[in-house]
Amino acid sequence: MSEYTRTLLPIRWPDGPPKRTYDVVIIGGGGHGLSTAYHLATRHGISNVAVIEADYIASGNTGRNTTIIRANYGIPESIRFYQHSLERYQELEEETGAAILHQARGIVWLAHTEMAMRTERARCAMNEATGAQTFMRTPAELKALIPQLDLTGGGRYPVLGGSHHVQGATARHDRVAWAYASIASQRGVDIFQHTVVTAIRRDGDGGRVLGVDTTAGRIDAGAVLIAAGGRITQVAAMAGLRLPIRTHPLHAFVTNDYAQGFPVILASTELACYVSQTDRGQMLIGAEFDSQPSFSRQSSYSALRSYSYKITRLLPFLRDMRILRTWAGICDISVDYSPIMSATGIDGVYVTTGWGTWGFKAIPAGGEGMAELIATGRPPALIAPFSLDRFRRDHLLADAGSAGTR
Ligand SMILES: Cc1cc2nc3c(=O)[nH]c(=O)nc-3n(C[C@H](O)[C@H](O)[C@H](O)COP(=O)(O)OP(=O)(O)OC[C@H]3O[C@@H](n4cnc5c(N)ncnc54)[C@H](O)[C@@H]3O)c2cc1C
């Protein structure tokens, strides 16, 4: 197969409006909705599925993220889940025939204090015990790996060491979404763009789900998956469901090309900032999410200033670069900073949410797990800990320190 045909997998768009009835309706054509549709069709033979997307596919956070794939989390449940997803990404080009531009680069998390060194050492030990490859590096080793790094942190944030997650990677976000959409649609899944779900219908007061109302008409459905990204609380409310989620904007920006090349993904969790180089050679920079909850995708000058200040302490060469473009997405942050992949207590209604600032890396494993849950009624072991009822049972999966964006 040539590189050209690998890149342009066609999507089969439906000829007309949605059918009156589908087995499954998926609200949201982001990575998680599309990956679930793909896995329903390819793994479970369920292709009488409609994906309803309010805008165009991957127009939400899936097409806005900084594409970092990693499994260096701090709790065993998350490490296992994300490691599986990382490995699925490694095979995704082969599996789908789409060029998703997957690149294993390794990711370094710097520590500037003794407290952070302890955290990173614990991370390495937990990762090793649970199947992810993360190793401590000395300042000299880090300097050899990243010659541009200022080990004094601008005289303010000295680098005492760091953890190196060697399988950390990136992939082209919209191609991931298109790869899943293409194959799902070839298998019979109908994907509707520019179609908004306006209501979720239930049988009587509090009964099972009957379907959804959309701007293209009413659809009956046996099951409804809500995969609505930063709009999740608004869409879940249509079914009478309240979730432990708040939506916060997250920004990112790119600079002009850096010809010398930058070998790894570099982050500081203490400073909450990170940087990598895109395929086009631009430096891609992200940092903390806005503390104020909001549904606004406006870029903000204060975020740009804060991100630039922090990242230039670590990489002084960035001071000479120009900011070309900035954007924001709205992130569904759960109260324990872990995702929710779950049935909801409403018969036939499922959610995949809590993907916050970290859900791109989870698209293969998240869709795979949700498809199995919907098809069989049972959550596979990898996603079972992430059920919604953990909040009621007080079994939180608290791992804010692994988000890297707060
Ligand atoms: C700036 C930024 C950087 C990030 N960096 C990373 C990173 O490096 N690594 C990582 O792992 N994660 C990262 N993330 C997080 C990641 O992008 C998200 O967690 C992930 O894309 C979530 O995918 P999703 O399918 O759940 O949501 P989305 O991609 O947001 O898709 C939800 C879709 O639902 C649609 N929708 C909403 N309401 C309705 C409705 N009523 N009817 C129909 N459709 C509706 C929306 O239009 C949207 O397309 C980042 C996010 C941002 C914003």
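Every value quoted in this text rests on a predicted model; they were computed, and no experiment measured them.

Undergrad: I'm lost on the sheet that holds strand β7 (residues 161-165) in this one. Help?
TA: Backbone hydrogen bonds hold the strands of a sheet together, and the pairing may be parallel or antiparallel. The strand order β6-β7-β5-β14-β15-β16-β13-β17 describes an open sheet built from 8 strands, whose pairing is mixed. Each edge of the open sheet is held by one strand with a lone partner, namely β6 (134-137) and β17 (323-334). Neighbour-to-neighbour, the strand axes of this sheet turn through a mean angle of 20 degrees, independent of strand direction. Pairing analysis gives 4 bridges linking β6 to β7, with the strands arranged antiparallel. Looking across to β7, one finds that Met-136 is bridged to Ser-163. Where helix α5 (residues 114-130) meets the sheet, it contacts β5 (107-111), β6 and β7, and its direction lies at approximately 145 degrees from that of β6. With respect to the sheet, helix α9 (residues 301-314) is in contact with β5, β13 (245-257), β14 (265-268), β15 (273-277), β16 (282-287) and β17, its orientation differing from that of β13 by roughly 60 degrees.

Undergrad: Can you walk me through the sheet that holds strand β3 (residues 68-69) in this structure?
TA: Overall, antiparallel pairing links the 3 strands, which are arranged β3-β8-β4 in an open sheet. Pairing within the sheet leaves two strands with one partner each, and these edge strands are β3 and β4 (103-104).

Undergrad: In this structure, what is going on with the domain arrangement of the chain? I would like to understand it.
TA: How big an interface is tends to be stated in terms of the accessible area lost upon association of its parts. Partitioning the chain into structural domains gives domain 1 (3-65 + 173-244 + 337-402) and domain 2 (103-169 + 246-334). For domain 1 and domain 2, the distance between their C-alpha centroids amounts to 30 Å. Between domain 1 and domain 2, the contact holds 21 residues from the first and 17 residues from the second. Here domain 1 packs against domain 2, burying approximately 1,600 Å² in sum over the two surfaces, 49% of which is carbon and sulfur.

Undergrad: For this particular structure, what's the right way to read the packing of helix α3 (residues 76-90) against helix α10 (residues 363-376)?
TA: When two helices pack together, you describe them by how their axes are tilted relative to each other and by the distance separating the axes. For the pair α3 and α10, interaxial distance at closest approach is 7 Å and the crossing angle is 110 degrees. Comparing the axis directions of α3 and α10 gives the class roughly perpendicular. Where α3 abuts α10, its residues Phe-81, His-84, Ser-85, Arg-88 and Tyr-89 lie against Ile-363, Pro-364, Ala-365, Gly-366 and Glu-368. Here the contact of α3 with α10 is built from residues that sort into 5 nonpolar, 3 polar and 2 charged.

Undergrad: Before we go on, may I ask you to explain the site of the ligand in this structure?
TA: Surveying the vicinity of the ligand reveals 37 residues, the closest of which are Glu-53, Asn-61, Thr-62, Thr-66 and Lys-361. Contact distances for the ligand include 2.6 Å between an oxygen atom and a side-chain N or O atom of Thr-62. Contact between the ligand and Lys-361: an oxygen atom at 2.9 Å from a main-chain N or O atom of the residue. At the level of secondary structure, the elements contributing two or more residues to the shell around the ligand comprise α2 (31-44), β13 and β17. Of the residues that constitute the shell around the ligand, the class distribution is 15 nonpolar, 18 polar and 4 charged. Of the residues that make up the shell around the ligand, three or more belong to each of domain 1 (3-65 + 173-244 + 337-402) and domain 2 (103-169 + 246-334).

Procedures and definitions
- Residues numbered from 1 in each chain as written.
- Predicted model: local features only at pLDDT ≥ 70, side-chain atom pairs only at ≥ 80, totals over all residues.
- Heavy atoms only, no water.
- Pairing = 2+ DSSP bridges.
- Helix = DSSP H or I, 4+ residues; strand = E, 2+ residues; numbered from the N terminus.
- Axes fitted to C-alpha atoms, helices over the stretch in contact; angles between N-to-C directions.
- Contact = heavy atoms within 4.5 Å.
- Domains from an automatic or database assignment.
- Buried area = accessible area lost by both parts, 1.4 Å probe.
- Parallel < 35°, antiparallel > 145°, perpendicular 65-115°, else oblique.
- Nonpolar A, V, L, I, M, F, W, Y, C, P; charged D, E, K, R; others polar.
- Near = heavy atom within 4 Å.
- Polar contact = N/O pair within 3.5 Å; in protein donor to acceptor, adjacent residues only side chain to side chain.

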